[in-house]
Protein chains: 2
Amino acid sequence: MHRVIIPDIIEEHAVLTLKRTDSAFDAANMMKESNIAAVLVTDDDSKLEGIVTERDLTRRVVADGMDPKKTPLEDIMTADPAILDPTDSAGDALEIMRKRSFRHLPVSRDGKVLGMVSIRDLYAAVKADLEADIKETEAFVFGDRYSA
Amino acid sequence: MHRVIIPDIIEEHAVLTLKRTDSAFDAANMMKESNIAAVLVTDDDSKLEGIVTERDLTRRVVADGMDPKKTPLEDIMTADPAILDPTDSAGDALEIMRKRSFRHLPVSRDGKVLGMVSIRDLYAAVKADLEADIKETEAFVFGDRYSA
């Protein structure tokens, strides 16, 4: 029941990153090409600096009338975002997302980005946990474990 | 356990709509001001014509280098989107979202838009259903229903 972020919810994986001087246009293209909803911003030492999502592009670029090609990510990113440790639990992660209205959280250890978790990944895990709970309780009721 | 879209998942509510000739800029501003991730496009008789999401703004406007103020919604919307009937079940809705990779579905009857359901609304309901299942099974096991 206690699922940790890595490897229970996601596997460690290469994460697509951009620099703070890259543009909103670059970020939108990376999202489109890779079918993702958020990209991470890192410095030259690959240290996490921020996160940019479809929502940021919608609200901080399109709605504000900014030119995407002339808008650097440092102007629209959420800087120093909340991060998860790979050993955090799925429940911890959902709690952070709920409280702060995030749908994506980077997973990082010692400054190195290890992956990204979406609220969808977590809902799927919570659902699986609850279903396992039901099966276990039913097994107890109907005696499956004792070959009854 | 059989939850229907209205009123179990969402209540009937006024839905923010735009016209097909309104711009991507208009849509982004409506999303920002109302803190929503998708807007519906309707004709002059309030009949549903399409849906535009943050993802469409990211991929079909920003990534493609379009000018948001000169891009009408008819160029970027998903036309004739899948719709839910208010009596459809939460399970039906999740199935459609999963198969077609939608995160939002308009709820409509007789051409009239009654609301919009997000995948988050549905996950919350599925989770609540599963938790209710567990409580019921436990009540059976531990005899709560019989005042034991």
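Predicted model, so just to flag it, every value in this text is computed and none were measured.

Undergrad: Explain the overall build of chain A here, please?
TA: Secondary structure summary: chain A contains 6 helices and 6 strands in total. Secondary structure of chain A in N-to-C order comes out as α-β-α-β-β-α-α-β-α-β-β-α. Against the compact-globule benchmark of 15 Å for 148 residues, chain A has a radius of gyration of 19 Å, which places it well outside the compact range. In terms of overall dimensions, chain A has a C-alpha envelope of 70 × 30 × 30 Å along the principal axes. Buried residues in chain A amount to 35% of all 148 residues. Considering only residue pairs separated by 6 or more positions, chain A has 60% of its internal contacts joining residues 24 or more positions apart.

Undergrad: What is the right way to read the domain arrangement of chain A from this model?
TA: Buried accessible area, meaning the area lost when the parts come together, often serves as the stated size of an interface. All names here are of chain A. When the domains of chain A are assigned, the result is domain 1 (14-81) and domain 2 (82-148). Placing a centre on the C-alpha atoms of domain 1 and another on those of domain 2 gives a separation of 27 Å. At the interface, 12 residues of domain 1 touch 10 residues of domain 2. Counting only elements with at least two residues in the side of domain 1 that touches domain 2, the list comes to strand 2 (38-42) and strand 3 (48-53).

Undergrad: Hey, could you run me through the sheet that holds strand 4 (residues 78-79) of chain B in this one?
TA: The strands that make up a sheet pair up through hydrogen bonds in the backbone, lying either parallel or antiparallel. All names here are of chain B. An order of 1-2-3-4 is seen for the 4 strands of this open sheet, with the pairing classed as mixed. A strand with exactly one partner marks an edge of an open sheet, and here the two such strands are strand 1 (17-18) and strand 4. When strand 3 (residues 48-53) meets strand 4, the two strands line up antiparallel, connected through 2 bridges. By the bridge assignment for strand 4, Gly50 is matched with Ala79.

Undergrad: Explanation requested: the sheet that holds strand 3 of chain A in the structure shown.
TA: Taken together, 4 strands build an open sheet; the order of strands is 1-2-3-4 (chain A) and the sheet is mixed. Edge positions in the sheet fall to strand 1 (17-18) and strand 4 (78-79) of chain A, since each of these pairs with one other strand and no more.

Undergrad: Would you mind showing me how to read helix 3 (residues 54-62) of chain A here?
TA: Side chains of residues three or four places apart in an α-helix project in the same direction, reflecting 3.6 residues per turn. Most of helix 3 of chain A is tucked away: 9 of the 9 residues are buried. Buried residues in helix 3 of chain A make contact with helix 2 (24-34), strand 3 and helix 4 (73-76) of chain A together with helix 2 (24-34) and helix 3 (54-62) of chain B.

Undergrad: Which parts of the structure should I look at to understand unusual backbone geometry?
TA: Residue and element names in this part refer to chain A. The step from Ile6 to Pro7 runs through a cis peptide bond, and the omega angle for that step is 10 degrees. Within the element layout of this structure, Pro7 appears in helix 1 (residues 5-9). Residues other than glycine seldom take positive phi values, yet Ser101 does so here, at roughly 60 degrees. Here Ser101 is to be found in the loop between helix 5 (90-100) and strand 5 (104-109).

Undergrad: Please clarify how the environment of B:Thr87 should be interpreted in this entry.
TA: Residues and elements named next belong to chain B. In this structure, Thr87 sits in the loop between strand 4 and helix 4 (90-100). Judged by the 11 C-beta atoms lying within 10 Å of it, Thr87 is exposed. Spatially, the C-alpha atom of Thr87 lies 37 Å from that of Val62, the residues being 25 residues apart in sequence.

Undergrad: Looking at this structure, how should I read the pairing of strand 2 of chain A?
TA: Walk down a regular strand and you will see the side chains alternate between the two sheet faces. Residues and elements named next belong to chain A. Counting buried residues in strand 2 gives 5 out of 5 residues, a clear majority hidden from the surface. The pairing of strand 1 with strand 2 spans 2 bridges and is classified as parallel. Bridged to Leu18 within strand 2 is Val41. Here 5 bridges tie strand 2 to strand 3, and the two strands are oriented antiparallel to one another.

Undergrad: How do you make sense of the packing of helix 2 of chain B against helix 3 of chain B when you look at a structure like this?
TA: Working note: a packed helix pair is described by the angle between its axes plus the distance between those axes. Residues and elements named next belong to chain B. One way to put it is that helix 2 packs onto helix 3 with a least axis distance of 10 Å and a crossing angle of 145 degrees. Crossing geometry of helix 2 relative to helix 3 is assigned as left-handed. Of the residues in helix 3, those touching helix 2 at Ala24, Ala27, Ala28 and Met31 are Glu54, Leu57 and Val61. Class assignment for the residues of the contact of helix 2 with helix 3 results in 6 nonpolar, no polar and 1 charged.

Undergrad: Sorry if this is basic, but what is going on with the environment of B:Asp56 here?
TA: Residue and element names in this part refer to chain B. Structurally, Asp56 can be placed in helix 3. By the C-beta count within 10 Å, which is 22 here, Asp56 ends up buried. C-alpha separation for the pair Asp56 and Leu122, spaced 66 residues apart in sequence, amounts to 22 Å. Beyond its immediate sequence surroundings of up to four residues, Asp56 is in contact with Ile76 and Met77.

Undergrad: Where do I start with helix 2 of chain B in this structure?
TA: Within the span of helix 2 of chain B, buried status applies to B:Ala24, B:Asp26, B:Ala27, B:Ala28 and B:Met31. Buried residues along helix 2 of chain B sit in contact with helix 3 of chain A together with strand 1, strand 2 (38-42), strand 3 and helix 3 of chain B. Immediately downstream of helix 2 of chain B, the backbone of B:Asn35 shows phi near 55 degrees, a positive value.

Criteria and thresholds
- Residues numbered from 1 in each chain as written.
- Chains lettered and ligands numbered in written order.
- Predicted model: local features only at pLDDT ≥ 70, side-chain atom pairs only at ≥ 80, totals over all residues.
- Helix = DSSP H or I, 4+ residues; strand = E, 2+ residues; numbered from the N terminus.
- Rg over C-alpha atoms; globule rule 2.2 N^0.38 Å.
- Buried ≥ 20, exposed ≤ 12 C-beta atoms within 10 Å, placed from the backbone.
- Contact = placed C-beta atoms within 7 Å.
- Domains from an automatic or database assignment.
- Pairing = 2+ DSSP bridges.
- Axes fitted to C-alpha atoms, helices over the stretch in contact; angles between N-to-C directions.
- Left-handed = near helix turned anticlockwise from the far one by under 90°.
- Nonpolar A, V, L, I, M, F, W, Y, C, P; charged D, E, K, R; others polar.

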